[in-house]
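Structural description and commentary
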Amino acid sequence: MGVKQAVLCRAVEFRPSALDLLESGYIHRGEPGQGLKITREIVLQLRQKGKVKLGQLDLEGALIARDRVGIQDFVLLDAHNSETAFLDNLKKRFSEDLIYTYIGTLLISVNPYKELDIYNKKQMDLYMGVNFFELPPHIYALADNAYHTMLTEANNHFILISGESGAGKTEASKKILQYYAVSCPSTALLDTVRDRMLMSNPVLEAFGNAKTMKNDNSSRFGKYMDIQFDSQGDAVGGHILSYLLEKSRVVHQNHGERNFHIFYQLVEGGEEDLLRHLGLEKDTKRYSYLVQGQCSNVSSINDKNDWKTVKNALSVIDFDANDTEHLFGIIASVLHLGNVHFDGDTKGYAVLNSNAGLRWVSKLLGVHVQVLQEALTYRKIEAKSEEVLSPFTVDHAVYARDALAKAIYGRTFTWLVNRINESLENKDSSRKTVIGLLDIYGFEVFFVNSFEQFCINYCNEKLQQLFIELTLKAEQEEYEGEGIGWEPVQFFNNKIICDLVEEKHRGIISVLDEECLRPGDASDLTFLEKLEEKMGNHPHFVTHKLADKKTRKTLERGDFRLLHYAGEVTYCVVGFIDKNNDLLYKNIKDVMRLSKNPIIQECFPANEGDSKRRPETVATQFKNSLLRLTEILMAKEPWYVRCLKSNDNKQPGKFDEVLVRHQVKYLGLMEHLRVRRAGFAYRRRYEVFLKRYKALCPATWPHWRGVPADGVEKLVKHLGYQPDEYKMGRTKIFIRYARTLFATEDAFEICKHELATRIQAKYKGYRAKGEFRKQKEAATKIETCWRGVQARKERDRRAWAVKVIKKFIKGYITRREAKTTDNSEYLAFVRQSYLNRLKNNLPKTVLDKTTWLTPPPVMTETSEILRQLHTRMMVRKYVRGLTAQRKAQLQQKVVTSAMFKGKKDSYPPSISVPFVDTRISEQDINMRVLQTIRQERIKYSVPVVKYDRNGFKSRQRQLIFTQAAVYMVEEAKIKQRVDYVSLKGVSVSNLGDSIMILHVACDDPKQKGDLILECDHLFEALTKLAMVAKKQNNIKVVQGSIKFEIHAGKENCVDFSTGQEPMVYKGKNGHLMVVAPRIKSR
Ligand SMILES: Nc1ncnc2c1ncn2[C@@H]1O[C@H](COP(=O)(O)OP(=O)(O)OP(=O)(O)O)[C@@H](O)[C@H]1O
Ligand SMILES: [Mg+2]
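Keep in mind it's a predicted model, so treat the numbers as computed, not measured.

What counts as what
Residues numbered from 1 in each chain as written. Chains lettered and ligands numbered in written order. Predicted model: local features only at pLDDT ≥ 70, side-chain atom pairs only at ≥ 80, totals over all residues. Heavy atoms only, no water. Helix = DSSP H or I, 4+ residues; strand = E, 2+ residues; numbered from the N terminus. Rg over C-alpha atoms; globule rule 2.2 N^0.38 Å. Buried < 20%, exposed > 50% of the residue type's maximum accessible area, 1.4 Å probe, protein only. Areas by Shrake-Rupley, 256 points an atom, 1.4 Å probe, with all protein chains shown as cover. Phe/Tyr/Trp six-rings, centres within 6.5 Å; stacked < 30°, edge-to-face > 60°. Lys NZ or Arg CZ within 6 Å of the ring centre and 35° of its normal. Donors = N, O, S within 2.8 Å, 3.2 Å for Na, K, Ca; no water. Patch = residues over 30% accessible without salt bridge, like charges linked within 9 Å, V, L, I, M, F, W, Y side chains within 5 Å. Salt bridge = Lys/Arg side-chain N within 4 Å of Asp/Glu carboxyl O. Lys, Arg positive; Asp, Glu negative; His and termini not counted. Charge placed at Lys NZ, Arg CZ, Asp CG, Glu CD. Near = heavy atom within 4 Å. Polar contact = N/O pair within 3.5 Å; in protein donor to acceptor, adjacent residues only side chain to side chain. Nonpolar A, V, L, I, M, F, W, Y, C, P; charged D, E, K, R; others polar. Pairing = 2+ DSSP bridges. Axes fitted to C-alpha atoms, helices over the stretch in contact; angles between N-to-C directions.

Turning our attention to the overall build of the protein chain. Looking only at helices and strands, the protein chain has 38 helices and 31 strands in total. Computed over the C-alpha atoms, the radius of gyration of the protein chain is 70 Å, more than 25% above the 31 Å expected from 2.2 N^0.38 for a compact globule of 1082 residues. Dimensions of the protein chain along its principal axes, counting C-alpha atoms only, are 220 × 85 × 65 Å. Expressed as a percentage of its 1082 residues, the buried residues of the protein chain come to 52%. As presented, the protein chain carries roughly 51900 Å² of accessible surface, and 52% of it is formed by carbon and sulfur atoms.

This is how it looks when you write it as structure tokens:
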């Protein structure tokens, strides 16, 4: 495929669709759910893997984006022939600050006249390596795609930036350069190249740009810059070609315009020392070359700051102090030259009015002032072998001065470009590819158009021709290649105009040159006449003379009009001859050669004038340089940026429709669109088309096994394409209308979502399954581990248990042996368990003798100690709880016990019956008795039954114990008093009766004999008695009968027996018979 053809194909080639990605498995690399979103990463990955060919661009991005603001790509504009629709789209986007729009791969940029936040690092990153149509149109997209295409296809490219003055060409080229500076890989060494490339801009702008009526920073030269890349894509060098600097500006500026920036920067910003050295004053108004436009100060320009930038830039591009000194010496010398004025002498010849300015020129250029003066006021005429000096008129002198100023400045500019080239040069001979940036003046139409406009517009004709050739031919070749009948495209072939201007011997330039070189009085008007002569019939050439009546009114006599492809331009011939000649008198050149300034020396080489041939005229030089440029460009692949000016007032947000329409016309954008569409809005290789849309037809989905073309045929039939809507080529389908494609794309969008949902669902299912399986495996693993842990624990526990049991058994067996290691634990256990059991089973009362647990053998001794301790503790507790009264009672009981325990049957039941202080209170004792015995203090009284000693008659009596005696009282009568001394003792039976016999000493005549008493409180009464009378040892328990004395020397007996019923009666034997009740336990 030819280079040119590739240009067109690029727009319709393969780009990965979502389905491509899905099918190739790349979609997995995205997040689930991102489904069909083609991320930048994926595209980059594909690129790295070589799956997507770089630079092969498509329309799908634009298709998808068409619903945003306007249409991003004019190729998809249905009304592609309508200029109004075209402008509407531009305007709609411009109003949303969307200044970029594509026509295929051509980028239209509308100057917003305001800073937009779309040129930052983030944006650069966004566009880096991303396919052309994936993101909204941007200058970065174009730059990036040119770069990547260059890298993958290893060929050369150029980006042609055109548009009228102030449309934003220079800004665009700077943006591209900045993009490469940031996006290309770099090293420290390459950083220098990169910086130099970036810094060449402010220098060239300072020397080559100026404020014009249209643009405060208008480039007054054409610039073509090659950026050289090595095979890795590193920017390794550069080269700049400059075209046709507008030198006339050095000596003349229209009202409202300025000279080149550098003059103002030097004067305004130059350091004191430097200015002194250059003989300059800090006042631009003092220099006639700077005051003609009457606007040396412009609000948008800060000359002081720019001066610093330029100085810094010069140092970056390798200018040393000497270089800068000489360079600014020249700039200053031009300013001084402008201040050289002439007066006429009497003969009208020019004489210097003051030589102050000239002195500085001479100093700065290192030329003798005298020589210089002569050169400016005399012309040297070589007549045969001698030279004759002919004086100049004032006009001539001024002309010579200005010519010198222009020549010095122009040549210095060329020198500067060369010098920058040296600093950018890459001396390495390895293979490099280049991207050329062409920032060239756009078509210009002024009120008065001169030689410069003629050259500029000619240049644009050439570039338009180049573009048409490149695009149209490629388009045609594709049609041929595809076997589709060429559908003629309505476009204006401007070859005819190019020929009109440049044709050898016949073209305007030839005529102009001829007129310039012709001996005799050639003038601008004679040149016009010649033109009329030669071009008389040309359909694109009109002059006042040639025009019809109507047209003539619009033309001056000195004008000629060319019907350019972009529109009519009327040129005024005045100045054509001079400007084309650009004459510098030979003696001035010779003087310059003597200069001590090394830059001037280089600019005016010694061998320049040697050749006898006349130097080429400006137009021819320009024509040739354009020819060379065309050759350079033809060998490269083109990318276009067309800049449009939104309005003439540099006003942000204003879209001047008339102005833009005009530019659209003369930039040939409609032409371009027509050619790009060339009858068909869209074309696509069968495989690719099928791959993208096969999901829309059951016959082709999911796979088409046959020939792709047949598949596509089936597909489009299924979609209902009408025969006039498409054509089938050899390898591609051509779709005529964008709307057909939109409908297909819409259907695909819907289908894609369905598919995506299905794929997503499947994928989610797959993921979920995988996740579930993983979780299950993990759970099993955890379970296994856990069980293992548990089992090991259980095993250890059992082992431990076995050990413990074994030890227990062993301990049990040896429990009676002395403490050994074998039984110590067992014994401890036994001890502990016994003590624990004991703790819970302690006897609650002292009387409880049965509860105490039988101790194991090892604890016998301990148990006994404990038991005693416990008993003692209970006793102690009990004792502590006793009242004094109770204590006394118990002490009495103790006495009772000592006397009767185990001796008398009725004793045990009596134990629990508590003793009282007395059984008869004092109130119940007769007063008289009381009075009698009170002094003896009554200790105890109890009612008793007294049996007579003789008849055993029973009588109720009160028995009273005092401190000294026992009283037997009947009512108020004391029946008997027995002194304790007389009381020999007391006898009771061992049975359960209540009889007591008080033995009284019979030797006392006052005494009556022993007392036989029956007392219900026998033990109580006897205890009290024993204690009061201290008779414990005299109270006897007797078995069988008890004798008693009736009186001295006479005795009887009381017989005791047991029986059913207790009874007391007189026995037949004369004894007192006492039957005691039977008491069960003794
Ligand atoms: N993309 C942009 N964003 C913001 N402002 C811009 C942009 N492009 C251009 N401009 C504005 O427009 C002015 C003119 O732009 P520029 O100098 O690039 O025009 P040009 O086409 O090179 O003109 P000339 O042919 O006179 O050199 C700039 O100084 C700037 O103020
Ligand atoms: Mg410019």
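With the rule as written, the count across this model stands at 39 aromatic pairs. Considering the side-chain rings of Phe527 and Phe560, the 6.4 Å spacing of their centres and the 90° angle between planes classify their relative orientation as edge-to-face. Of this pair, Phe527 sits in helix α22 (residues 524–535) while Phe560 sits in strand β14 (residues 559–564), placing them 33 residues apart in sequence. Note on Phe560: relative accessible area 0%, which makes it buried. Consider the rings of Tyr907 and Phe1019, whose centres lie 5.6 Å apart with planes at 75°: the pair is edge-to-face. Here Tyr907 is found in helix α36 (residues 907–911), whereas its partner Phe1019 is found in helix α38 (residues 1018–1029), with 112 residues between them in sequence. An aromatic cluster of three or more residues is present, and its members are Phe451, Phe454, Phe527, Phe541, Phe560, Tyr571 and Phe576. If you follow Arg258 out to its NZ or CZ, it ends over the ring of Tyr264, 3.9 Å from the centre. Its end group placed over the ring of Tyr812, Arg815 keeps NZ or CZ at 3.9 Å from the ring centre.

For the magnesium ion (ligand 2), the protein coordination sphere consists of Thr170 (OG1) and Ser219 (OG), at 1.8 to 2.1 Å. Of the two residues, Thr170 sits in helix α8 (residues 169–183) while Ser219 sits in strand β5 (residues 218–219), which places them 49 residues apart along the sequence. The class of Ser219 is buried, set by a relative accessible area of 17%.

There is a patch of like positive charges on the surface, built from Lys549, Arg552, Lys553 and Arg557. Turning to its location among the elements, Arg557 is positioned in the loop between α23 (549–552) and β14.

Here the focus is the site of ligand 1. Lining the immediate environment of ligand 1, one finds 17 residues, of which Ser165, Lys169, Thr170, Ser218 and Ser219 sit closest. Here an oxygen atom of ligand 1 and a side-chain polar atom of Asn111 are 2.7 Å apart. Ser165 places a side-chain nitrogen or oxygen 2.6 Å from an oxygen atom of ligand 1. In the complex, 87% of the free accessible area of ligand 1, which totals 620 Å², lies under the protein chains. Breaking the shell around ligand 1 down by element, the ones donating at least two residues are α8 and β5. The greatest single-element share of the shell around ligand 1, amounting to three residues, is contributed by α8. For the shell around ligand 1, a count of residues per class yields four nonpolar, nine polar and four charged.

So, on to the sheet that holds strand β15 (residues 567–572). Read from one edge to the other, the open sheet built from three strands follows the order β13-β14-β15, with strand pairing classed as antiparallel. Among the strands making up the open sheet, the edge pair consists of β13 (541–543) and β15. On average, adjacent strands in this sheet sit at an angle of 25° to one another, irrespective of strand direction. Note that β14 and β15 share six bridges and pair antiparallel. Pairing of Asp559 across the sheet is with Cys572, part of β15.

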